[in-house]
Amino acid sequence: MTPPAALTRRRGLRRWLAATTAALITAAAALTATASTARADEEAPRQYPVGDLGTGVQNFFASPNAVAGANDWSCKPTAEHPDPVVLVHATFVNQGANWAQISPTLANEGHCVFAFNYGMNPVLSLGRIGGLTGVAGSARTLNGFVDKVLAATGAKKVDLVGHSQGGMMPNYYIKRLGGAAKVDKFVAMAPSNHGTTLSGLVNLGEAIHALGLVNGFFDLLGLQGLKDQEVGSDFQKALWADGDTVPGVRYAVIQTKNDKVVTPYGNAFLKGDNVDNILLQDQCPQNPVGHVGLAFDGPTVQNVVNELGADDPSFRPKCEGYGIGF
């Protein structure tokens, strides 16, 4: 018969073993959960704050050379989004102002996003006002930037998203600088394709024989980018002389009938194969958005996301979050 003291020691030993085993199991489970959480945190894509028009105005002054979601040079394209996206801003603005909403939106969708400034006049731009110098020179800046993006990401092609001059200028890169081999899709928002009358001012200047004087003033100040966008300019005639599009590039143009900068608004549209011309009011008849407001317009942003993602030809945006009518 086992003495009572021995039984007590055995029972105590069993309790100690059971407690120790339970503690070890709990600790292992906790470590596993912590490791899993850490891996999930590492794998989860970073979410960037999506700005609005107010953010764009603030960025114009405070952040002209950077915008949320863009220029993570360690970003590697995924199978879902194999093409890095290069954003090309409009005349008179910079990357920080133009892309405060679209850049973080695309980054949060899983795209590798990149943006740059171009056309800065060394005196008049004040480091913030872009798109002033000649369009051909700006296209060469785009060429160098695309090569830098392709080298950093290892991608074979990029997608381009441009606004106003930024939606027209890449056509020179594609057609004249070999860009067609490096561009998969080109999404242009209210591009100054085929030039603009600027609500009739160009026509008026020509009618009163003052346009040549104005253009000479632009040349003197290094503002050729403004002259190049005039309807009927030598630059416009040369750019479109051999047609609107080139094989291998997929095009999308997003335009508003309320555009008072690119006029007539239909000049923005392209003719040719692989072109998707979108008039926002065909989707949302009450959308009041104007030329400037496109970069912060809900339906426009949704269309950009679709063009670079699902590319659903039957896509219709939610008619909400309209941009300003200017």
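Structural notes, computed from the coordinates. Every chain is numbered independently, its residues counted from 1 as its sequence is written. Thresholds applied to this predicted model are a pLDDT of at least 70 for local features of residues and 80 or more for the giving and counting of side-chain atom pairs; totals over whole chains, interfaces and linings are not thresholded and use all residues. Based on all heavy atoms of the structure, the side-chain values leave hydrogens and waters out of the count.

### Things to note about the packing of aromatic side chains
Stacked, tilted and edge-to-face are the three classes applied to pairs of Phe, Tyr and Trp rings, where Trp contributes its six-membered ring and a pair requires centres within 6.5 Å; stacked means planes under 30 degrees apart, edge-to-face means over 60, and tilted covers the rest. Overall, the coordinates contain seven aromatic pairs when judged by the stated rule. Aromatic pair F116 and F145: ring centres 4.8 Å apart, planes at 20°, arrangement stacked. One end of the pair, F116, is in strand β2 (residues 113–116); the other, F145, is in helix α5 (residues 135–153), with 29 residues separating them in the sequence. An identical accessibility class is assigned to F116 and F145; each is buried. Taken together, the ring pairs connect W73, F114, F116, Y118 and F145 into an aromatic cluster. By definition, being over a ring means that NZ of Lys or CZ of Arg is both within 6 Å of the ring centre and within 35 degrees of the ring normal. Against the face of W73 rests K148, its NZ or CZ located 4.6 Å from the ring centre. Here a strand is any run of E in DSSP of at least two residues, a helix any run of H or I of at least four, and the numbering for each starts at the N terminus. Only protein chains enter the area calculation, which uses a 1.4 Å probe; residues under 20% of their type maximum are buried, those over 50% are exposed, and those in between are partly exposed.

### Here we look at the pattern of salt bridges
We define a salt bridge as a side-chain nitrogen of Lys or Arg found within 4 Å of a carboxyl oxygen belonging to Asp or Glu. Tallied over the full model, the rule gives eight salt bridges. Where D311 meets R250, a salt bridge forms, and the shortest distance between an N and an O atom there is 3.1 Å. Remark: R250 occurs in strand β5 (residues 250–255) and D311 occurs in the segment after α12 (298–308); sequence separation between them is 61 residues. R250 gets classed as partly exposed once you look at its relative accessible area, which sits at 30%. A network of salt bridges, in which partner residues are shared, links D184, K185, R250, E307 and D311.

### Points about a nonpolar patch on the surface
To count toward a patch, a residue needs a relative accessible area above 30% and no salt bridge. Like charges then connect within 9 Å, nonpolar side chains (Val, Leu, Ile, Met, Phe, Trp, Tyr) within 5 Å. For every accessible area listed, the method is Shrake-Rupley and the probe measures 1.4 Å; residues are considered covered only by the protein chains on display. Among the surface-exposed residues, L53, V57, F61, V292, I324 and F326 lie close enough to one another that they form a single nonpolar patch of about 550 Å² accessible area. Mapping F326 onto the fold places it in the segment after α12. F326 sits in the exposed class, given a relative accessible area of 62%.

### Re the sheet that holds strand β6 (residues 275–279)
Paired strands are those between which DSSP finds at least two bridges. Taken together, the six strands give an open sheet; going across it, the order is β2-β1-β3-β4-β5-β6, and neighbouring strands pair in parallel fashion. Where the open sheet ends on each side, the last strands, each with one partner, are β2 and β6. For this sheet, the mean angle separating the axes of adjacent strands, direction not counted, is 15°. Taken together, the five bridges between β5 and β6 define a ladder with parallel strand orientation. In the strand pairing of β6, V253 is matched with N277. Contacts: residue pairs with any heavy atoms within 4.5 Å of one another. Axis definition: a line fitted to C-alpha atoms, limited for helices to the stretch in contact. Angles are taken between N-to-C directions and run from 0 to 180 degrees. Against the sheet, helix α6 (residues 165–176) touches β1 (85–88), β3 (158–163), β4 (183–189) and β5, its axis set at about 150° to β4. Running at roughly 170° to β4, α12 makes contact with β1, β3, β4, β5 and β6 of the sheet.

### Describing α6
Side chains that are three or four residues apart share a direction in an α-helix, a result of its 3.6 residues per turn. Helix span is expected to be 1.5 Å times the residue number reduced by one. Helix length check: α6 (twelve residues) gives 17 Å between terminal C-alpha atoms against 16 Å at 1.5 Å per residue, within 8%. Of all twelve residues making up α6, eleven are buried, and the element is well covered by its neighbours. Among the residues of α6, those classed as buried are Q165, G166, G167, M168, M169, P170, N171, Y172, Y173, I174 and K175. Positive backbone phi, approximately 80°, marks G178, located one or two places after α6.

### A closer look at the packing of α5 against α6
Between α5 and α6, the shortest axis-to-axis distance is 8 Å and the interhelical angle comes to 80°. Overall, the two elements α5 and α6 adopt an arrangement that is roughly perpendicular. Residues V135, A136, S138, A139, L142, N143 and V146 of α5 pack against Q165, M168, M169, P170, Y172 and Y173 of α6. Three classes are used: nonpolar for Ala, Val, Leu, Ile, Met, Phe, Trp, Tyr, Cys and Pro, charged for Asp, Glu, Lys and Arg, and polar for all others, with Gly counted as polar. Classifying every residue of the contact of α5 with α6 gives ten nonpolar, three polar and no charged. For this classification, under 35 degrees means roughly parallel, over 145 means roughly antiparallel, 65 to 115 means roughly perpendicular, and everything else is oblique.

### Digging into the pairing of β5
With five of its six residues buried, β5 lies for the most part within the structure. Where β4 meets β5, five bridges bridge the pair, whose relative direction is parallel. The residue of β5 that forms the bridge with A188 is V253.

Honestly, that's just the spatial picture; any functional story needs more than this.
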